[in-house]
Amino acid sequence: MTATVQEETQDRYAPADPSGLPRHVAIIMDGNGRWAALRGLPRTEGHRNGVKTVRQIVRRAGELGIQYLTLFAFSSENWSRPHAEVKFLMGLLRAYVRSDLKDLRESNVRIRVIGSRDGLDPGILSLLEQAEQGTADCTGLELVLAFNYGARDEMVRAVRQLSLEVARGGKQPEEITSADIESHLDTAGLPDPDLIIRTSGEQRLSNFLLWQAAYAEFYFAPMHWPDFDCSAFEEALSCFKNRERRFGGVGAAVST
Ligand code: FPP
């Protein structure tokens, strides 16, 4: 790798903040159903309490000066859940955007939605677009909602788009670079996540940001999402601070 490419790579992933805060945190909010089951409650109560955690973590991330927070709100595979649960989750997302949009705007939070918009209920689609447009001039935390998102689906859509460009003669196959792939992903323009957190003790990516996670640090929190509070979040951030990121290199200790 040339020095320039190496600098670019480090710029994409290295925390911008000298305090060691990750620039971009992405979270798989897992365990709502188990949280509810442990209390003898319906799964929907777990999701309802999960929204309370969303509010707390979004607020704290903004206060701390984290620049990007991506939340896995609904995956392209979540449609296979019972119809009533899917309907409830859609209702929760709708209610969240309706009730919190004004506060988010006042807190200078900019919303961006990633995931496939094909076939989405027109009411949800227009609400999500309203959230993006209504916060487009905010300059604080960028809250990225992964909704109807699946990383393989995102990559398939990107490859289809690039293939079209090749077929139309705008580009030769051998000219395709990783920057071209990135610019066709839903996350185009966002830095890759520095830290990916998953709650509830599960240790897998579940089709989340597969391309973007290439050099992410992972943190697996044991508690279920509704119990993931600000102190658990800060614990994850503090753990991140102590990670040594090498981006395929050898690290500071042996770099001379
Ligand atoms: C995983 O728990 C959680 C989800 C599939 C949905 C996450 C959604 C929310 C927290 C609420 C809506 C989000 C926003 C941004 C307003 P699970 O149901 O898979 O839990 P389990 O593994 O214990 O069954």
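Residues numbered from 1 in each chain as written. Predicted model: local features only at pLDDT ≥ 70, side-chain atom pairs only at ≥ 80, totals over all residues. Heavy atoms only, no water.

(A) Representation of the UniProt feature "binding site: Mg(2+)" (unreviewed entry) in the protein. With numbering matched to this structure, UniProt assigns "binding site: Mg(2+)" (unreviewed entry) to Asp30 and Glu217. Residue position: Asp30 is located in the loop between strand 1 (24-28) and helix 2 (32-38). Residue Asp30 is classed as buried on the basis of its relative accessible area, which comes to 16%. Within the element layout of this structure, Glu217 appears in strand 6 (residues 217-220). In this view, Glu217 contacts Asp194, Leu195, Ile196, Phe240, Arg243, Glu244 and Arg245; residues no more than four positions away in its chain are not counted. (UniProt positions renumbered as here; feature names shortened; annotations may be inferred. Helix = DSSP H or I, 4+ residues; strand = E, 2+ residues; numbered from the N terminus. Buried < 20%, exposed > 50% of the residue type's maximum accessible area, 1.4 Å probe, protein only. Contact = heavy atoms within 4.5 Å.)

(B) Representation of unusual backbone geometry in the model. Non-glycine residue Asn108 carries a positive phi angle of around 65 degrees. Considering the arrangement of structural elements, one finds Asn108 in the loop between helix 4 (83-106) and strand 3 (110-114). The phi dihedral of Asn207 is positive, around 65 degrees, even though this residue is not glycine. Relative to the assigned elements, Asn207 resides in the loop between strand 5 (195-198) and strand 6. With relative accessibility at 15%, the residue Asn207 sits in the buried group.

(C) Seen up close, the site of the ligand. Near the ligand lie 15 residues; those nearest to it are Met29, Gly33, Arg34, Arg43 and Arg81. One of the backbone nitrogen or oxygen atoms of Gly33 is found 3.0 Å away from an oxygen atom of the ligand. A distance of 2.8 Å is found between an oxygen atom of the ligand and a side-chain nitrogen or oxygen belonging to Arg43. For the ligand, whose free accessible area comes to 630 Å², the fraction covered by protein is 91%. (Near = heavy atom within 4 Å. Polar contact = N/O pair within 3.5 Å; in protein donor to acceptor, adjacent residues only side chain to side chain. Areas by Shrake-Rupley, 256 points an atom, 1.4 Å probe, with all protein chains shown as cover.)

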